[in-house]
Amino acid sequence: MASRPLFPTLLTMTSLLLTLPAPASAEDETETRKKLVACINKDIAAANAEWKLPAADLKKFTDIIDRQIMKEPLGKKTPEEQAKVVNDIKDASHKELPNLESKTLEKMLQTLKAKGAHCSTLVKPKK
């Protein structure tokens, strides 16, 4: 008779697990990241009208952003985590674009923050 109470417990646990939202697969997360990258790149390319970067430099900057987005976990970030991501992009930009003026880079990062926030609201991960 000891196995009898186990069966209702298993049924309860199974029904609970079936009602929980399914975790997003790695494929879904990758697809979401690609959409986010595309949105940000489009907005950054449009903003280049102000910065007037040569095409090669703009490509380097968007590649830096792409690498960062593809390695960071998706989801809401604390202000400290957001600052770290921006600093990582800034450091990589200084290395890969040494001729870029600091004032221009600061404008680019401000635009990136705004466009990143905008695009993240448009591109929601599948649940």
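Residues numbered from 1 in each chain as written. Predicted model: local features only at pLDDT ≥ 70, side-chain atom pairs only at ≥ 80, totals over all residues. Heavy atoms only, no water.

**Looking at the overall build of the protein**
To keep things clear, this is the line we draw: Secondary structure follows DSSP: runs of H or I at least 4 residues long count as helices, runs of E at least 2 residues long count as strands, and numbering of each begins at the N terminus. Throughout this description, buried means an accessible area under 20% of the type-specific maximum (1.4 Å probe, protein chains only), exposed means over 50%, and partly exposed covers the range between. Throughout, a contact is declared for two residues whenever any of their heavy atoms are within 4.5 Å.
Broken down by element type, the protein carries 5 helices and 0 strands. Taken from N to C terminus, the helices and strands of the protein fall in the order α-α-α-α-α. Among the 127 residues that make up the protein, the fraction classed as buried is 29%. Pairs at least 24 residues apart make up 74% of the contacts formed inside the protein by residues separated by at least 6 positions.

**A few points about the packing of aromatic side chains**
For the record, the criterion: Pairing of aromatic rings covers Phe, Tyr and the six-membered ring of Trp, with a centre-to-centre limit of 6.5 Å; geometry is then stacked below 30 degrees between planes, edge-to-face above 60, and tilted otherwise.
In this structure the tally under the stated criterion is 1 aromatic pair. Between the aromatic rings of Trp51 and Phe61, the centroid separation amounts to 6.3 Å while the plane-to-plane angle is 85°, which identifies the pairing as edge-to-face. In this pair, Trp51 sits in helix α2 (residues 26-51) while Phe61 sits in helix α3 (residues 55-71), placing the two residues 10 residues apart along the sequence. Assigned by exposure class, Trp51 and Phe61 land together as buried.

**Observations concerning the confidence of the model for the protein**
Definition in use: The predictor attaches a confidence to each residue, and that confidence, scored 0 to 100, is pLDDT.
Summary statistics for the protein give a mean pLDDT of 82 and a share of 77% for residues scoring 70 or more. Mean pLDDT per element in the protein: helix α1 (residues 3-19) is the minimum at 50, and α3 is the maximum at 94. Low pLDDT (under 50) marks residues 14-23, which in the prediction has 1 contact with non-local residues, meaning those over four places away or in another chain.

**As for the layout of surface pockets**
Our working definition: Both cavities and pockets are sets of points on a 1 Å grid over the protein atoms alone; in a cavity a 1.4 Å probe fits but cannot get out, in a pocket the set is open with protein on both sides within 12 Å along at least five of seven lines, and lining residues sit with an atom within 4 Å of a point. Grid points are joined across faces, edges and corners, and a volume is the space filled by probe spheres set on the points. Classification used: nonpolar for Ala, Val, Leu, Ile, Met, Phe, Trp, Tyr, Cys and Pro, charged for Asp, Glu, Lys and Arg, polar for all others including Gly.
Computed from the structure, the largest pocket encloses a volume of approximately 860 Å³. Lining the largest pocket are 27 residues, and of these Leu36, Gly75, Lys77, Gly116 and Ser120 lie nearest its centre. Those elements that provide at least two residues to the lining of the largest pocket are α2, α3, α4 (79-96) and α5 (102-122). Of the residues that constitute the lining of the largest pocket, the class distribution is 15 nonpolar, 7 polar and 5 charged.

**Side note on the pattern of salt bridges**
What counts, and what does not: The working definition used for a salt bridge is a side-chain nitrogen of Lys or Arg within 4 Å of a carboxyl oxygen of Asp or Glu.
Per the stated rule, a full pass over the model turns up 5 salt bridges. We note a salt bridge from Asp63 to Lys59, for which the minimum N-O separation is 2.9 Å. Taken together, the positions of Asp63 and Lys59, both in helix α3 and 4 residues apart, correspond to about one turn of that helix. Accessibility expressed as a relative area gives 24% for Asp63, which makes it partly exposed. The closest approach of N and O atoms between Asp88 and Lys84, which form a salt bridge, is 2.9 Å.

**Observations concerning α4**
Selection rule: The span expected for a helix works out to 1.5 Å for each residue beyond the first. Working definition: the arc comes from the directions between the helix axis and the C-beta atoms, pointing outward to the latter.
Helix length check: α4, at 18 residues, gives a terminal C-alpha distance of 26 Å against a target of 26 Å (1.5 Å per residue), a fit within 8%. Among all positions in α4, only Val85, Val86, Ile89, Ala92 and Ser93 are buried. Taken end-on, α4 shows its buried residues confined to a sector of 125°, consistent with a single buried face. Pointing more than 90 degrees away from the buried face of α4 are the exposed residues Pro79, Glu80, Lys84 and Lys95.

**Points about the environment of Ala56**
Along the chain, the position of Ala56 falls in helix α3. Judged by its relative accessible area of 51%, Ala56 is exposed. With 41 residues separating them in the primary sequence, Ala56 and Leu97 have C-alpha atoms 10.0 Å apart.

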